[in-house]
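# Chains, contacts and geometry: an overview
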Amino acid sequence: MTTNTETNRGELVRALDWKGAFWVAAGVPPLVLFSIGGIAGTTGKLAFVVWIISMIMGFLQSFTYAEIAGMFGNKSGGASVYGATAWLRYSKFIAPLSVWCNWFAWSPVLSLGCVIAAGYILNSVAPIPAADSKAVLDWVAAHAANYTDKTQSVIDYIAAHAGTAPADAIKAVASTDAVSALTPALRSWEALSFKIPGLGALHFNSTFVIGAILMLIMFAIQHRGIASTATAQKWLAIIVLTPLLLVGLVPIFTGAIQSANVTGLVPPTAGYSGVDGTWSLGGWTLFLGGLYIAAWSTYGFETAVCYTRELKNPKTDTFKAIFYSGLLCCLFFFLVPFAFQGVLGQAGMLAPGIVDGTGVGEALGNMVGGGKVITQIFVILMIMALFLAIMTAMAGSSRTLYQGSKDGWLPKYLTHVNQHGAPTGAMWTDFAFNLFLLALASDVSGYFYVLAISNVGYIIFNFLNLNSGWIHRIDSGHVERPWKAPSWLIGVNTVLAFVNALFLGAGAKVWGYSSALWVGLIFAALIFPVFYFRHYMQDGGKFPKEALDDLGIMGGGLGEKKAGMLPYLTLIAGALVVLWANWFFQLPS
């Protein structure tokens, strides 16, 4: 039994059973709402199939993670930490790369979730008037005399929309001006904005301010430790996931699913075109791009094994936590995208509020046939769902940083733990990093750029970690495994590692940023100087004693390389798949 003396030594506290870890990971299903519109725009009618395929892959892959997690009952930080130790014998630099990539993939959930939540809050307190609202129509009527076919904005509109009659152009321009004039100043307020070459523009606006406040609230909740976090997550999950499940079920049982919306499965002619295309090279590229970004959400329940060091009985609870979290995610990632697409169709899925996430709550209310009151309730539930996802991300990503520091891969200050057993050094780092991302993602274009770049790291982590399963089998076969995956499944997941590499090469470019893959790789490479400073400058080229205790490696060595050249050949093959896919797959012209 762990006592409170652990907190005095600055260590994590064993305060969870598998159900607690399950509830902390229950923030993963709402991640479907982060990119449900984007994937629909990219893959058209194939969107719900993309989610199902991706979720099946994630569930299969989790069995490798469950096995290796059971080997490390004294570590926190999740699958990336457990898998990184397999690579340590073959390259000191590959191990921290896996941990770093997992962290910078998970951490942006904080900023992206807060961006959407801030959008909901702004829609409530400072709504943008609809083009057909009475206020807009009255404004147009009052200012109609100011517009003629000689007005420059009308001339520009006709030039941009060939064939438009002057009267229609006047009406369109006046309506746009009316919406702009009647939009509350809070929506357009911006204290500062500037560009970072090769990355994007930082916006310090109302979205940024609201998002920063929300992150501080999440920080305050988690400051009291994992047990407090799990309790808050449990009630949030029950409140949020129950109606979200109804959204997936009600349209099916009421016959609201339109068969035309989920049949004739072909990719679109181009991203966001809403027009059925063919299975051409461009169509396949869009499809793979959808699978690339879906992985960021569907694989995410692997966070359930981030809390092994905080489980009361890690030998039995680790597998239960990830297995039941996976089943929960299968339910939601199968049902919700199918119901959304079946009811809304391509046109509805491409609505701006669905693409940027801020109109999903209203769509949920409409899907269950609710009026204004029900719709408002769903909007509130959406904000709570975002809180649920943000809490999960902060809990998991901060523990990845914590354990990376404990094992000698990341800066020492990240091991700081407060009196409640919360890794506050890592949590503050998460917060500071996400303030930067929040400024970058505070407009729609930046939002998907952050998502595309962070997922480069997530796919790299999954590639390394899926291969760590067979490496651990060869090098550490003697280590006890409370739960052991069937060997054939370890083999299947090794193949899926290369399938993920294919997604990375083909898919990163699909999201409107040709540089996303390369920016993501550059960010991944930032771990090398960080690790060099910690390992060689601070630790004298040696790892902390406890870093390899679970593998039974003593005396400062890294153990025998029983796998020989296979890990190196795997890395080369993975890189070749990424480069080939990036060259071969091209967007529709």
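Residues numbered from 1 in each chain as written. Predicted model: local features only at pLDDT ≥ 70, side-chain atom pairs only at ≥ 80, totals over all residues. Heavy atoms only, no water.

### Some details on the overall build of the chain
Within the chain, the regular secondary structure consists of 24 helices and 2 strands. Computed over the C-alpha atoms, the radius of gyration of the chain is 25 Å, within 12% of the 25 Å expected from 2.2 N^0.38 for a compact globule of 589 residues. Across its three principal axes, the chain shows a C-alpha extent of roughly 85 × 50 × 50 Å. The buried share among the 589 residues of the chain stands at 58%. Taken as a whole, the chain presents about 22300 Å² of accessible surface, with 67% of it coming from carbon and sulfur. Counting 31 positive and 27 negative side-chain charges, the chain places the centres of these two groups 9 Å from one another. (Helix = DSSP H or I, 4+ residues; strand = E, 2+ residues; numbered from the N terminus. Rg over C-alpha atoms; globule rule 2.2 N^0.38 Å. Buried < 20%, exposed > 50% of the residue type's maximum accessible area, 1.4 Å probe, protein only. Areas by Shrake-Rupley, 256 points an atom, 1.4 Å probe, with all protein chains shown as cover. Lys, Arg positive; Asp, Glu negative; His and termini not counted. Charge placed at Lys NZ, Arg CZ, Asp CG, Glu CD.)

### Some remarks on the pairing of strand β2 (residues 200–205)
In the sheet, strand β1 (residues 190–196) pairs with β2 via 6 bridges, with the strands oriented antiparallel. The residue bridging E190 from the neighbouring strand is N205, located in β2. Between β1 and β2, which pair antiparallel and follow one another directly, the connecting turn spans 3 residues, one of which, G198, has a positive phi of 80 degrees. (Pairing = 2+ DSSP bridges.)

### With respect to unusual backbone geometry
Residue Y272 is not a glycine yet carries a positive backbone phi of 65 degrees. Within the secondary structure, Y272 is located in the loop between α13 (226–254) and α14 (281–298). Judged by relative accessible area, which is 37%, Y272 ranks as partly exposed.

### Side note on a nonpolar patch on the surface
Taken together, the side chains of I474, M565, L566, L569, I572 and L576 define a hydrophobic patch exposed on the protein surface, amounting to about 580 Å² of accessible area. If one sorts the elements of the nonpolar patch by residue count, helix α24 (residues 566–584) sits on top with 4 residues. Structurally, L569 can be placed in helix α24. Given the relative accessible area of 48%, L569 is considered partly exposed. (Patch = residues over 30% accessible without salt bridge, like charges linked within 9 Å, V, L, I, M, F, W, Y side chains within 5 Å. Salt bridge = Lys/Arg side-chain N within 4 Å of Asp/Glu carboxyl O.)

### A few points about the packing of helix α3 (residues 32–43) against helix α4 (residues 47–70)
Orientation of α3 relative to α4, taken along the N-to-C sense of each, is 125 degrees, at an axis distance of 8 Å. Between α3 and α4, the interaxial angle falls into the category oblique. The chirality of how α3 crosses α4 is right-handed. Contacts between α3 and α4 involve V32, S35, I36, I39, A40 and T43 from the first element and A47, V50 and W51 from the second. Classifying every residue of the contact of α3 with α4 by side-chain character gives 7 nonpolar, 2 polar and no charged. (Axes fitted to C-alpha atoms, helices over the stretch in contact; angles between N-to-C directions. Parallel < 35°, antiparallel > 145°, perpendicular 65-115°, else oblique. Left-handed = near helix turned anticlockwise from the far one by under 90°. Contact = heavy atoms within 4.5 Å. Nonpolar A, V, L, I, M, F, W, Y, C, P; charged D, E, K, R; others polar.)

### Describing the confidence of the model for the chain
The predicted model of the chain has a mean per-residue pLDDT of 86, with 93% of residues at 70 or higher. Contacts from residues 1–8, a stretch scored under 50 in pLDDT, to residues over four places away or in other chains number 11 contacts. (pLDDT = per-residue confidence, 0-100.)

### A look at the packing of aromatic side chains
Taken as a whole and judged by the stated rule, the model has 40 aromatic pairs. Between Y90 and Y568 the ring centres are 5.9 Å apart and the planes differ by 80 degrees, which places this aromatic pair in the edge-to-face class. Of this pair, Y90 sits in the loop between α5 (79–88) and α6 (94–106) while Y568 sits in helix α24, and the two are 478 residues apart along the sequence. A residue is classified by how much of its surface remains accessible, and Y90, at 6% relative accessible area, is buried. Its relative accessible area of 26% is what places Y568 among the partly exposed residues. (Phe/Tyr/Trp six-rings, centres within 6.5 Å; stacked < 30°, edge-to-face > 60°.)

### Some details on the environment of I94
With respect to the helices and strands, I94 occurs in helix α6. Since its relative accessible area comes to 14%, I94 is described here as buried. Note: C-alpha distance between I94 and V140 (46 residues apart in sequence) is 62 Å. With residues up to four places along the chain from it excluded, the contact list for I94 reads W87, L464 and L571.

### Here's the deal with the packing of α3 against helix α15 (residues 314–349)
Remark: α3 packs on α15, axes separated minimally by 10 Å, with the N-to-C direction vectors making an angle of 40 degrees. For the element pair α3 / α15, the angle class is oblique. Considering how the two elements wind past one another, α3 and α15 form a crossing that is right-handed. Within the contact between the two elements, α3 uses V32, L33, I36, G37 and A40 and α15 uses F333, V336, P337, F340 and M349.

### Regarding the nonpolar core
Membership of the largest hydrophobic core comes to 173 residues, with the highest contact counts inside it found for F34, L241, Y292, F340, W409 and W511. The leading source of residues in this core is helix α20 (residues 444–475), at 17 residues. Setting aside residues no more than four positions away along its own chain, W511 makes contact with G38, I39, T42, Y272, G289, Y292, I293, F448 and A452. Membership of the second largest hydrophobic core comes to 10 residues, among which are W139, Y147, V173 and A178. (Core = buried A, V, L, I, M, F, W, Y, C linked by side-chain atoms within 4.5 Å.)

### Some thoughts on the pattern of salt bridges
Applying the stated criterion across every chain, the model contains 6 salt bridges. For K45, the salt bridge is made with D276, and the minimal N-O distance between the two is 3.4 Å. A residue pair is termed long-range when its members are at least 10 positions apart, and K45 in the loop between α3 and α4 and D276 in the loop between α13 and α14 qualify at 231 residues. Judged by relative accessible area, K45 falls into the buried class, the value being 15%. Overall, the relative accessible area of 34% leaves D276 in the partly exposed class. As a salt-bridge pair, K412 and D539 come within 3.7 Å of each other at their nearest N and O atoms.

### So, α24
The terminal C-alpha atoms of α24 lie 26 Å apart, and with 19 residues this matches the ideal 27 Å at 1.5 Å per residue to within 8%. Of the positions making up α24, those classed as buried are P567, T570, G574, V578, A581 and N582. Each buried residue of α24 lies within a common arc of 100 degrees when the element is viewed along its axis, so the set occupies one face. Seen from the buried face of α24, the exposed residues on the opposite side, beyond 90 degrees, are L576 and W583. (Expected span 1.5 Å × (residues − 1). Arc of directions from axis to C-beta.)

### Brief notes about helix α19 (residues 424–440)
Over its 17 residues, α19 extends 24 Å from the first C-alpha to the last, a length consistent with the 24 Å expected when each residue adds 1.5 Å. A large share of α19 lies buried, amounting to 13 of its 17 residues.

### Some thoughts on the environment of A363
Turning to its location among the elements, A363 is positioned in helix α17 (residues 360–367). Remark: the alpha-carbon pair of A363 and M349, spanning 14 residues in sequence, is separated by 9.7 Å. Excluding residues within four positions of it along the chain, A363 makes contact with F340, L344 and I354.

### Overview of the side chain of R534
As for its placement among the helices and strands, R534 is situated in helix α23 (residues 527–538). If near-sequence neighbours (up to four positions away) are discounted, R534 is found in contact with S405, G408, W409, L410, P411, K412, D539 and P544.

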